[in-house]
Amino acid sequence: MAAISTFQDALFRVRSLAELANIDPEIIEGLSHPKEIIMVNLPIRMDDGSQQYFSGYRCRYNSTLGPTKGGVRFHPNVNEDEIIALSLWMTIKCAVVDLPFGGAKGGITVNPKELSPMELERLSRAYIRVLADFIGPHRDIPAPDIYTNSRIMGWMMAEYDSIKRTHAPDVITGKPIELGGSLGRDDATGRGAYLCTLELIHKMGWNLTDMSIAVQGFGNGGYHVARLLQQAGCKIVAISDSQGGIYSEAGFDVESLWQCKQQSKRMKGVYCKGSVCEIVEYKTISNDELLILDVDILIPAALEGVITKHNADNIKAKAIIEIANGPILSEVDDIIHNKGIKVVPDVLANAGGVTVSYFEWVQNRSGQSWTLEDVQQKLKEKMITSFSAVWDLAEDEGRTLREAAYVKALRKISNAVEAHGTRDYFVHN
Ligand code: GLU
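First, a word on scope: everything that follows refers to the structure included in this document. Everything quoted here is computed from the prediction, not taken from an experiment. (Residues numbered from 1 in each chain as written. Predicted model: local features only at pLDDT ≥ 70, side-chain atom pairs only at ≥ 80, totals over all residues. Heavy atoms only, no water.)

## Thoughts on the overall build of the chain
- Helix and strand content of the chain: 15 helices and 14 strands.
- Here the C-alpha radius of gyration of the chain, 21 Å, is about what a compact globule of 429 residues would show, namely 22 Å.
- Principal-axis analysis of the C-alpha atoms gives the chain an extent of 70 × 60 × 45 Å.
- Burial analysis of the chain (429 residues in total) assigns 58% to the buried set.
- Within the chain, contacts between residues at least 6 apart in sequence are counted, and of these 67% link residues at least 24 apart. (Helix = DSSP H or I, 4+ residues; strand = E, 2+ residues; numbered from the N terminus. Rg over C-alpha atoms; globule rule 2.2 N^0.38 Å. Buried < 20%, exposed > 50% of the residue type's maximum accessible area, 1.4 Å probe, protein only. Contact = heavy atoms within 4.5 Å.)

## Comments concerning the pattern of salt bridges
- For the structure shown, the criterion picks out 29 salt bridges.
- Note that Arg-73 and Glu-82 form a salt bridge whose closest N and O atoms lie 3.0 Å from each other. The two residues Arg-73 and Glu-82 agree in class, both being buried.
- When the shortest N-O distance is used, the salt bridge between Lys-261 and Asp-241 registers 2.9 Å. One end of the pair, Lys-261, is in helix α8 (residues 254–264); the other, Asp-241, is in strand β7 (residues 235–241), with 20 residues separating them in the sequence. We note that Lys-261, like Asp-241, is buried.
- The network of salt bridges with shared partners includes Arg-13, Glu-322, Asp-333, Asp-346 and Arg-402. (Salt bridge = Lys/Arg side-chain N within 4 Å of Asp/Glu carboxyl O.)

## Comments concerning helix α4 (residues 117–131)
- End to end, α4 covers 21 Å across 15 residues, agreeing with the expected 21 Å (1.5 Å per residue, within 8%).
- Against the buried residues of α4 lie β1 (36–45), β2 (51–62), β3 (68–75), β4 (102–109) and α5 (150–164). (Expected span 1.5 Å × (residues − 1).)

## A short note on the site of the ligand
- For the ligand, the set of nearby residues contains 14 residues, the closest of which are Lys-69, Lys-93, Pro-144, Asp-145 and Ser-357.
- The contact in question runs from an oxygen atom of the ligand to an N or O atom on the side chain of Lys-69, over 2.8 Å.
- Take Asn-325: an N or O atom from its side chain is 3.3 Å from an oxygen atom of the ligand.
- The fraction of the free accessible surface of the ligand (290 Å²) that becomes covered by protein chains is 95%. (Near = heavy atom within 4 Å. Polar contact = N/O pair within 3.5 Å; in protein donor to acceptor, adjacent residues only side chain to side chain. Areas by Shrake-Rupley, 256 points an atom, 1.4 Å probe, with all protein chains shown as cover.)

## Section: the nonpolar core
- Formed by 87 residues in total, the largest nonpolar core has its most connected members in Val-96, Ile-213, Ile-299, Val-344 and Leu-410.
- Looking at this core, the element that brings in the most residues is helix α3 (residues 80–96), giving eleven residues.
- Core analysis: the second largest hydrophobic core is formed by 27 residues, Val-40, Ile-108, Tyr-160 and Ala-168 among them. (Core = buried A, V, L, I, M, F, W, Y, C linked by side-chain atoms within 4.5 Å.)

## Structural notes on the packing of helix α6 (residues 188–204) against helix α12 (residues 352–366)
- For the pair α6 and α12, interaxial distance at closest approach is 6 Å and the crossing angle is 125°. Our classification of the angle between α6 and α12 gives oblique. Handedness of the α6/α12 crossing: right-handed. In contact with Ala-188, Thr-189 and Gly-192 of α6, α12 contributes Gly-352, Gly-353 and Val-356. (Axes fitted to C-alpha atoms, helices over the stretch in contact; angles between N-to-C directions. Parallel < 35°, antiparallel > 145°, perpendicular 65-115°, else oblique. Left-handed = near helix turned anticlockwise from the far one by under 90°.)

## What about the sheet that holds strand β8 (residues 244–247)?
- Here seven strands make up an open sheet; going across it, the order is β11-β8-β7-β6-β12-β13-β14 and the pairing mixed. Two strands close off the open sheet at either side, each with one partner strand: β11 (283–285) and β14 (342–344). Strand after strand, the sheet turns through a mean of 20° between neighbouring axes, direction not considered.
- Strand direction decides the pairing type here: strand β13 (residues 319–321) and β14, joined by three bridges, are parallel. Directly across from Ile-321, in β14, lies its bridge partner Val-344. (Pairing = 2+ DSSP bridges.)

## Points about the side chain of Glu-119
- Within the fold, Glu-119 resides in helix α4.
- A polar atom in the side chain of Glu-119 sits 2.8 Å from the backbone nitrogen of Asp-47.
- What Glu-119 contacts, discounting residues up to four positions off in sequence, is Ile-44, Met-46, Asp-47 and Glu-114.

Below, the structure written as structure tokens:
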């Protein structure tokens, strides 16, 4: 269990913002309790013949708006508290962007980098074997998250199909294209955050090509948002991964960094011309140093809880785009706000991933495959509409973007609960 309960932190925000939004106390209470949690121990036969046990979790937090939806994370720090918090954030996220889904999350406590591909496959399939009745295309639909990818989703779908003697591509999203995945799902989280960043820059009246940007985390989300922002004319001056980061005032070529990291598994300042990589001037920095750089926009794209009372006062960025889930602890929301920093919250900024997951599910259920242009256009519409709705609510009611996003989501969930009939209805009729 983490030192600070991530779930308690997430719940604190939900409860206080729900009060702000005048949500019925009974509904707030309902939103304070996860619907179903499953914890399993998975025995796996390792390549050397030994048997190892791995803990797995899945939480369906709330299904008011539809089947529950959310990724599966493979990470050494996965624990029940974190998974519940992440499933609560998924509940809010799906409501912010108006998807017909509730929220869920799953994970396995494992360092996948230490497993062979076959051990990883056995573990992924074992997870689905125990969860086969917990998930389902109308019940709970997993997807990738930290250190899981389309190949793992493919194994999981195949396991589900063989247990249920069916073909159900709509049970899981983020699959390989050949197995029913959607075009445009791979960069959807980064693209959604990129679209939010463009909208913010536009609303603030800033100049795109003046922007200096630091990205913490160089996984799927961090890579694509950095790549797209650089293509749009911004300067990506710092990037880090779990090992540390690099800084260059002149800015990096993101694609070259990515290629270099794929090959050497290390971050280096390089420009690749053909097969020749040329090292450029750069400074090595720690992840902590990256967060407090004097840049225009900071993009935390790694794990939760990185901006805390220990560093919040030192943040110099004008805006923070949260691609990671929960990078800013609720205890510093006020500090960040009082410093005048604009935060595009995770539940909006990283919703591009689950949005294209929804498109994938729709395509699977209707037997269609949309073109990349179609997917990207629909994602753009969804992100811009959602961003504008949150922005306008914030302006109209004098709230931060995070408060506005939560208020929007909580009102939507609350209206759906009320449509079923609440105490008020039964008492007064
Ligand atoms: N894991 C991603 C998230 O945190 C995507 C979830 C999904 O596609 O269902 O939003």
